[in-house]
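# Secondary and tertiary structure notes
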Amino acid sequence: MIICKSASEIEIMKEAGQIVARVLLKIEKLLEPGITTGEIDRIAEKEIRSYGAIPAFKGYMGRLSSRAYPSSVCISINEEVVHGIPGKNKIDNGDLVSIDVGVKKNGFYGDAARSFKIGRVNAIAERLWKATSEALDKAIDKCIAGNRLSDISNCIEKRALSSGFSVVKDFVGHGIGKKMHEDPQILNYGPPGQGPLLKKGMVLAIEPMLNEGKSDVEILEDMWTVATVDRKLSCHFEDSVAVTQDGPLVLTRV
Ligand code: MF3
Ligand code: CO
């Protein structure tokens, strides 16, 4: 069942979304070669709490893992796709770094991710970053009442394939609201024109994950980090988007 939110609930969700957006901007400024992912996580958690919000990922029990997620944000570097656990490793020049932030505020969740290019990245990373960012923008444009859910999925896959990249199939976007993960699952691939009709009040966390090489991914020994099997690059962007009368409303951008 897809839960539709009232206009006032969407206003509350926007508050959560704006905190996520601001925390991502704050993190972006910290991303210099040499900083550890653990340091970024500590600063991010402080920042989230300074808004009176709760880091949504910390302590989260995933379906796929028997270990609660230990940190406030996910930091996934290069061949890592999503759910990278912050720690002692350092950001390096040339890295492609995905930062995923989720918060709970006034009973509602916000969830977004950006990938950042550290210093000078190679031409493939540059193209993968652009394709993934554009895939999300195109997907957001599909968040219009009357469209079908898979119109979002299809346009993400199309943008990936047009640059010769693949999409991750084992992880998906999701509805979001009073729970971080609500129905529906939002695949990053598939034919258009299928699935539920999009309706005013739906809020969707759309998260394209594009791979340089094959779409296959695996979970590493830490039980959370998702990495490409071929160890080629992956890139991830995410926004929480409300379907409104006036079209898509991106809650997680300032
Ligand atoms: N944006 C991710 C998601 O929607 C982040 C989840 S991390 C977790 O699933 F630790 F909370 F699972
Ligand atoms: Co998400």
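Our subject is the structure that appears above.
The present account deals with the structure reproduced in this document. (Residues numbered from 1 in each chain as written. Chains lettered and ligands numbered in written order. Predicted model: local features only at pLDDT ≥ 70, side-chain atom pairs only at ≥ 80, totals over all residues. Heavy atoms only, no water.)

Scanning the protein from N- to C-terminus turns up four helices and 15 strands. The C-alpha extent of the protein, read off along each of the three principal axes, is 45 × 45 × 35 Å. Split into buried and exposed, the 254 residues of the protein put 55% on the buried side. Long-range pairs, those at least 24 residues apart, make up 70% of the contacts in the protein with a sequence separation of at least 6. Just so you have it, the protein exposes about 11200 Å², and 50% of that area is on carbon and sulfur atoms. Across the protein, the 34 positively charged side chains and the 34 negatively charged ones have centroids separated by 3 Å. (Helix = DSSP H or I, 4+ residues; strand = E, 2+ residues; numbered from the N terminus. Buried < 20%, exposed > 50% of the residue type's maximum accessible area, 1.4 Å probe, protein only. Contact = heavy atoms within 4.5 Å. Areas by Shrake-Rupley, 256 points an atom, 1.4 Å probe, with all protein chains shown as cover. Lys, Arg positive; Asp, Glu negative; His and termini not counted. Charge placed at Lys NZ, Arg CZ, Asp CG, Glu CD.)

Ligand 1 sits among 13 residues. The nearest are D100, D111, H174, H181 and E238. For ligand 1, an oxygen atom lies 2.7 Å from a polar atom in the side chain of H174. When isolated, ligand 1 has an accessible area of 330 Å², and the protein chains bury 95% of it. The class makeup of the residues in the shell around ligand 1 is six nonpolar, three polar and four charged. (Near = heavy atom within 4 Å. Polar contact = N/O pair within 3.5 Å; in protein donor to acceptor, adjacent residues only side chain to side chain. Nonpolar A, V, L, I, M, F, W, Y, C, P; charged D, E, K, R; others polar.)

With that settled, consider the pattern of salt bridges. Scanning the entire structure with this criterion turns up 11 salt bridges. Put simply, D239 and R114 hold a salt bridge, and the shortest N to O gap is 3.2 Å. With D239 in strand β14 (residues 239-244) and R114 in strand β5 (residues 108-117), this pair connects stretches of sequence that are 125 residues apart. Salt bridges sharing partners connect three or more residues here, namely R114, D137, D239 and R253. (Salt bridge = Lys/Arg side-chain N within 4 Å of Asp/Glu carboxyl O.)

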